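Chains, contacts and geometry: an overview
Given next are the chains, with one letter for each unit.
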Amino acid sequence: MAAKSVKKKYEDLVELRYQLYNGLFLTLPLDAIQQTGTLLPLLEEMGQEGLNSNHSPQTIVEDFFTAHRPHFTEKEQIQFLFKIIQYVERQVVLVDALEDAAYSEIHQTYKNNSLRKLMERVSSDGLEEEFKQVLDNFGSRVILTAHPTQFYPGQVLAIITDLAEAVQKNNIGQARDLLQQLGNTPFFNKEKPTPYDEAVSLSWYLSNIFYSAIGNILEMFAPHLADRIDSPKQLISVGFWPGGDRDGNPFVDVKVTRDVAAKLRSLIIACYHADIRKLKRRLSFKGIYDCLEKLEKRLHQEITNPSSTGLSVNELLSELSRIEEILRREHQGLYREQLHAFRQKIAAFGFHFASLDIRQDSRVIKATFDSVMAQYPQLLPPNFAELAQQQQIQLMLSVEGTVDPDQFEDSVIKDSLQSLQVIKEIQQSNGEAGCHRYIISNCRGAIDVARIIALFRLSSWDFNSLSVDIIPLFETINDLAHGGANMTELYNFPDYRAHIKRRRDQQTVMLGFSDGTKDGGYLMANWSIFQAKEAITAASRAAGIEVAFFDGRGGPPARGGGSTYSFYGALGKKIESNQIQVTVQGQTISSNYGTSKAAMHNIRQLLAAGLENNLYDRPERELNEEQRDLIRKLADISYGEYLNFKNDPLFLPYLEEMSTLKYYGRANIGSRPSKRGSEQKMRFEDLRAIPFVGAWAQLQQNVPGYYGLGSAFKALEDNGQLQACQDLYRQSRFFKGLVDNSMQSMSKSNFKLTAYMESHPRFGKFWTLIQKEFKLSVEMALKVAQQSILLEDNPRARLSIGLRQRVVLPLLLIQQYALMKTAQIADENASDTRIDLYEKMVMRSLFGNINASRNSV
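The text that follows walks through the structure, step by step, so that each part is easy to find. These figures come from a predicted structure and were not determined experimentally. (Residues numbered from 1 in each chain as written. Predicted model: local features only at pLDDT ≥ 70, side-chain atom pairs only at ≥ 80, totals over all residues. Heavy atoms only, no water.)

The next subject is the overall build of the chain. Scanning the chain from N- to C-terminus turns up 36 helices and nine strands. The C-alpha radius of gyration of the chain comes to 28 Å, within 12% of the 29 Å expected for a compact globule of 857 residues. Its C-alpha atoms give the chain principal-axis dimensions of roughly 80 × 70 × 60 Å. A burial count over the chain gives 61% of its 857 residues as buried. Taking as baseline every contact in the chain between residues at least 6 positions apart, the subset at least 24 positions apart corresponds to 82%. Element-wise, carbon and sulfur atoms account for 49% of the exposed surface of the chain, whose accessible area totals about 32700 Å². Computing the positive centroid from 98 side-chain charges and the negative centroid from 101, the chain places the two 4 Å apart. (Helix = DSSP H or I, 4+ residues; strand = E, 2+ residues; numbered from the N terminus. Rg over C-alpha atoms; globule rule 2.2 N^0.38 Å. Buried < 20%, exposed > 50% of the residue type's maximum accessible area, 1.4 Å probe, protein only. Contact = heavy atoms within 4.5 Å. Areas by Shrake-Rupley, 256 points an atom, 1.4 Å probe, with all protein chains shown as cover. Lys, Arg positive; Asp, Glu negative; His and termini not counted. Charge placed at Lys NZ, Arg CZ, Asp CG, Glu CD.)

Moving on: the sheet that holds strand 4 (residues 358–361). Two strands in a sheet stick together by hydrogen bonds in their backbones, pointing the same way (parallel) or opposite ways (antiparallel). Strand order in the open sheet made by the nine strands is 3-2-1-9-8-7-6-5-4, with parallel pairing throughout. The open sheet terminates on both sides in strands that have one partner only, identified here as strand 3 (355–356) and strand 4. Of the strand pairs in this sheet, strand 5 (residues 437–441) and strand 6 (residues 469–474) are connected by four bridges, and their pairing is parallel. When the bridges of strand 6 are listed, Ile 439 appears paired with Ile 471. (Pairing = 2+ DSSP bridges.)

What follows covers the environment of Glu 324. Relative to the helices and strands, Glu 324 resides in helix 13 (residues 313–330). A relative accessible area of 7% means that Glu 324 is categorised as buried. Expressed as a C-alpha distance, the spacing of Glu 324 and Ile 288, which sit 36 residues apart in the sequence, is 8.9 Å. Residues in contact with Glu 324, not counting those within four places in the same chain, are Arg 336, Leu 339, His 340 and Arg 343.

The next thing to look at is the packing of aromatic side chains. Counting across every chain of the model gives 40 aromatic pairs. Ring centres 5.6 Å apart and planes at 65° place the aromatic pair Phe 64 and Phe 65 in the edge-to-face group. The exposure classification of Phe 64 matches that of Phe 65, with both residues buried. Seen from their ring centres, Phe 751 and Trp 767 are 5.9 Å apart, and the 65° between their planes marks the pair as edge-to-face. Here Phe 751, found in the loop between helix 33 (733–747) and helix 34 (764–785), pairs with Trp 767, found in helix 34; they are 16 residues apart in sequence, far enough to count as distant. Here Phe 751 matches Trp 767 in class, with each residue buried. Put simply, the rings of Phe 645, Phe 651, Tyr 654, Phe 684, Phe 692, Trp 696, Tyr 707, Phe 763 and Phe 766 touch in pairs and so form one group of aromatic residues. (Phe/Tyr/Trp six-rings, centres within 6.5 Å; stacked < 30°, edge-to-face > 60°.)

Over its 28 residues, helix 4 (residues 74–101) extends 41 Å from the first C-alpha to the last, a length consistent with the 40 Å expected when each residue adds 1.5 Å. Burial runs high along helix 4: 21 of the 28 residues are buried. (Expected span 1.5 Å × (residues − 1).)

Glancing now at the environment of Asn 249. With respect to the secondary-structure elements, Asn 249 resides in the loop between strand 2 (236–240) and helix 11 (254–282). Through-space distance from the C-alpha of Asn 249 to that of Gln 360 is 9.2 Å; in sequence the pair is 111 residues apart. Among the polar contacts made by the side chain of Asn 249, one reaches the main-chain amide nitrogen of Phe 251 at a distance of 3.0 Å. (Polar contact = N/O pair within 3.5 Å; in protein donor to acceptor, adjacent residues only side chain to side chain.)

Across the six residues of strand 1 (residues 139–144), six count as buried, placing the element largely inside the fold. Neither face of strand 1 is left uncovered, since the one carrying Gly 139, Arg 141 and Ile 143 and the one carrying Ser 140, Val 142 and Leu 144 both have all their residues buried. Judged from the six bridges that link them, strand 1 and strand 9 (residues 579–584) form a sheet pairing that is parallel. Of the residues in strand 9, the one forming a bridge with Val 142 is Val 582. The pairing of strand 1 with strand 2 spans five bridges and is classified as parallel. For Ser 140, the partnering residue across the bridge sits in strand 2 and is Ile 236.

When two helices pack together, their arrangement is given by the angle between the helix axes and the distance between those axes. The interhelical angle for the contact between helix 35 (residues 795–828) and helix 36 (residues 834–852), taken along N-to-C directions, is 155°, at an axis separation of 9 Å. Between helix 35 and helix 36, the interaxial angle falls into the category roughly antiparallel. Every pair of crossing elements has a handedness; the one defined by helix 35 and helix 36 is left-handed. Here the contact of helix 35 with helix 36 is composed, by residue class, of 15 nonpolar, six polar and four charged. (Axes fitted to C-alpha atoms, helices over the stretch in contact; angles between N-to-C directions. Parallel < 35°, antiparallel > 145°, perpendicular 65-115°, else oblique. Left-handed = near helix turned anticlockwise from the far one by under 90°. Nonpolar A, V, L, I, M, F, W, Y, C, P; charged D, E, K, R; others polar.)

At a closest axis distance of 11 Å, the pairing of helix 28 (residues 651–658) and helix 30 (residues 689–698) adopts a crossing angle of 65°. Classified by the angle between their axes, helix 28 and helix 30 sit roughly perpendicular to one another. Here helix 28 runs over helix 30; the crossing is left-handed. Contacts between helix 28 and helix 30 involve Phe 651, Tyr 654 and Leu 655 from the first element and Phe 692, Ala 695 and Trp 696 from the second. Classifying every residue of the contact of helix 28 with helix 30 gives six nonpolar, no polar and no charged.

What follows concerns helix 36. Here helix 36 spans 28 Å end to end across 19 residues, near enough to the 27 Å set by a 1.5 Å rise per residue. The element helix 36 is largely enclosed, with a buried count of 15 among its 19 residues.

In this model, Asn 442 sits at a positive phi of 55°, which is unusual for a non-glycine residue. Looking at the element boundaries, Asn 442 is found in the loop between strand 5 and helix 18 (446–457). What makes Asn 442 buried here is its relative accessible area of 7%. The backbone of Gln 700 sits at a positive phi, close to 60°, despite the residue not being glycine.

Looking at the element boundaries, Ala 818 is found in helix 35. Judged by its relative accessible area of 0%, Ala 818 falls in the buried class. Between the C-alpha atoms of Ala 818 and Met 843, which are 25 residues apart in sequence, the distance is 9.8 Å. Once you skip the residues sitting within four places of it in the chain, Ala 818 turns out to touch Tyr 838, Met 841 and Val 842.

Now for the side chain of Glu 302. When you line up the elements, Glu 302 lands in helix 12 (residues 289–304). A distance of 2.9 Å separates a polar atom in the side chain of Glu 302 from a polar atom in the side chain of Arg 265. Dropping the residues within four chain positions of it, Glu 302 is found in contact with Arg 265, Ile 269, Ser 307, Ser 308, Thr 309, Gly 310 and Leu 311.

Close approach of charged atoms allows side chains with opposite charge to pair. Enumeration over the complete set of coordinates arrives at 57 salt bridges. Between Arg 277 and Glu 296 there is a salt bridge whose closest N-O contact spans 2.9 Å. One end of the pair, Arg 277, is in helix 11; the other, Glu 296, is in helix 12, and 19 residues separate them in sequence. The class for Glu 296 is buried, based on a relative accessible area of 9%. (Salt bridge = Lys/Arg side-chain N within 4 Å of Asp/Glu carboxyl O.)

Right, let's get into the side chain of Asp 448. As for its placement among the helices and strands, Asp 448 is situated in helix 18. Under the relative-accessibility criterion, Asp 448 is labelled buried at 4%. Not counting chain neighbours up to four residues away, the residues in contact with Asp 448 comprise Ser 362, Ile 440, Asn 442 and Cys 443.

So, on to the pairing of strand 6. Consecutive side chains of a regular strand alternate in pointing toward one face of the sheet and then the other. The buried fraction of strand 6 amounts to six of the six residues, a majority that puts the element mostly inside the structure. Alternating residues of strand 6 divide into Asp 469, Ile 471 and Leu 473 and Ile 470, Pro 472 and Phe 474, and every residue in both groups is buried. A crossover links strand 5 with its parallel partner strand 6, the connecting element being helix 18, and its sense is right-handed. Pairing analysis gives two bridges linking strand 6 to strand 7 (residues 506–512), with the strands arranged parallel. Residue pairing across strands places Phe 474 opposite Leu 511, the latter belonging to strand 7. (Right-handed = clockwise from strand over helix to strand, strands pointing away.)

Dropping the structure here:
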């Protein structure tokens, strides 16, 4: 019944409204979309009919021009197709705005408010004291990453917000004006954005969404958080990667890091300044108004001339506490709640707004360490390289000396050293919370952690007061398998254990879904991460350490996306969950945190999942040995299938020649290169997870989200274990979440788009191999879930995906057409200038298709 209700609401509030507003959009006099009003629907119709008739995208586009614009020259055809792309991009924005306008209804945010339900249950069960104890130790962190998987500039985000509001009010006139504004607003960067540009763009969400949304949620917990105002432990915090994430991005340097930290400080002080002005309108009392006015002036001066007033967070909190006491004592506590809510925001955001994480690849850290030792050989024994690893680690953890970064010519080496010093600078200006985490990506174990600690020791840090958390990031299947043993080894070094003691006996470990899936396939990656969490939890508990897991989850299921509440609600007692930390990026930011309502709902769900895990035992979260054995068999089989597929000699050539992979690095999408390293030849290990997953998505094949799943289920069915898989789906929240997320990837696939590849002389059999596994995965997932269609029990996601797939079909046809024309012309004359035009068309088509994948699930 609930599914039918959601389906009806989506059809009424999104699909029907889309027909209305899209029809309005078609009539607008926009230069960028002349002639598309009548022709775009015809192209969409011909595209669908053509694909159903097994016609290639090139044939469909050429037939379209023959039927509707036979007089067009090739130049005019190209110009028209670019206009179609521009139009489809704006149709996607319209869908986004309509979903945002209907967010509360289609997500049933009141009915599905898990946090409210949890607190009501706690009260009913008389567990208020237990709840307070759990809350005292619980924290959550949402980390906004630098990964550019959605490309709306700030002005477009503002239009989406205003358009959603106009739709909610049924203000047709205002909506029409906003649609016209949208048609004349540029969507993409003419030049590649700098890391600072990306930071500024992403900071829009901090000021416009997170500040108010988190503040509102904290008010719900006000009675429970009174003693956290002056505590470093916060219930909700925000992390920030743009400007700090150096992994594979040579454009991030210490100047960028300083500038981003300063920007974050400026933004939060501006938010405080605005709130003080609002408070003054209510707290107009003697002895209070003048105090607020003085604070307002100091905050304004801090914005225009940072650090000029010497104002600190503690001083600000102390002054507000004094005002609150005057309010209580002399003015009957009138408007005290508003003042207290403001103090809670300051406690949560400090002068940093979001914690700037520093991240670097372990191989760069090793190269930096080796360069330092070559420049300063006296720091370690001459036979250091010949010593056993345990001895090397111990020496690195206790090394003494000082290194001058200016002694090194290599810019990456120099920055790697300077970045350690800039952390101290940021802590002095923004507070310790402003920058206190160093993440080692591609971490192999204790020796990588020891290297970065050695570099900290040599960079003017006193190790006994090192106010930085070292976070290993385990990504490959092998590293995940050894995660528990590696952490045990690390904890056994007295110097490191002493450091953890000074960091409140807490260790954060990051686990990478994107690279795990790239390395081992969907099912094995997710199972390996689950097992790694259990092993690392056991190792940490044995050492008397509380581990916090930082999950590197991306937008699509292939990169860890999907329902956050379902994911964290599926963790059993063998996995520590006092802290929940998760990255959000691209589509996930705009769909789950693009409006205050959406952000509040998703943060509430995140809190509810973690708190519930620590309060109540639920059998569907725990896996028995029989269930574990079944998942292990499935993971092993799927892993074997994926490895065979990945090791096929045509694997990389197929991506390079038949997909948009090589265009990610050439498009002005983000500041970071699409692969690590500077070698011209593409190597799988250097390939970034985002363009890897994205290339499969542009093909509408979505291989990383399901490959191997169908073969694994089929093998168990042939072994008479289909019923066991069906039982597991019903009984385990973890396993159900895996299958459901994979069905999302399958729902976004359309092999008709690339069916022409079946007859390709080189890649025909390879395409057929992929399609065969896709069909098998769909068939077996439906059997296991006992559903007749994909996502049968999730109509919101199913309908959102379906609408977006229809909207972007013309864009996908154009993209494939351009790829085919590029290859065809290159075969005839590699220097033909038309190649450049068609390649620009491919790059231009990337934006709209990626934005369209923002289904809110």
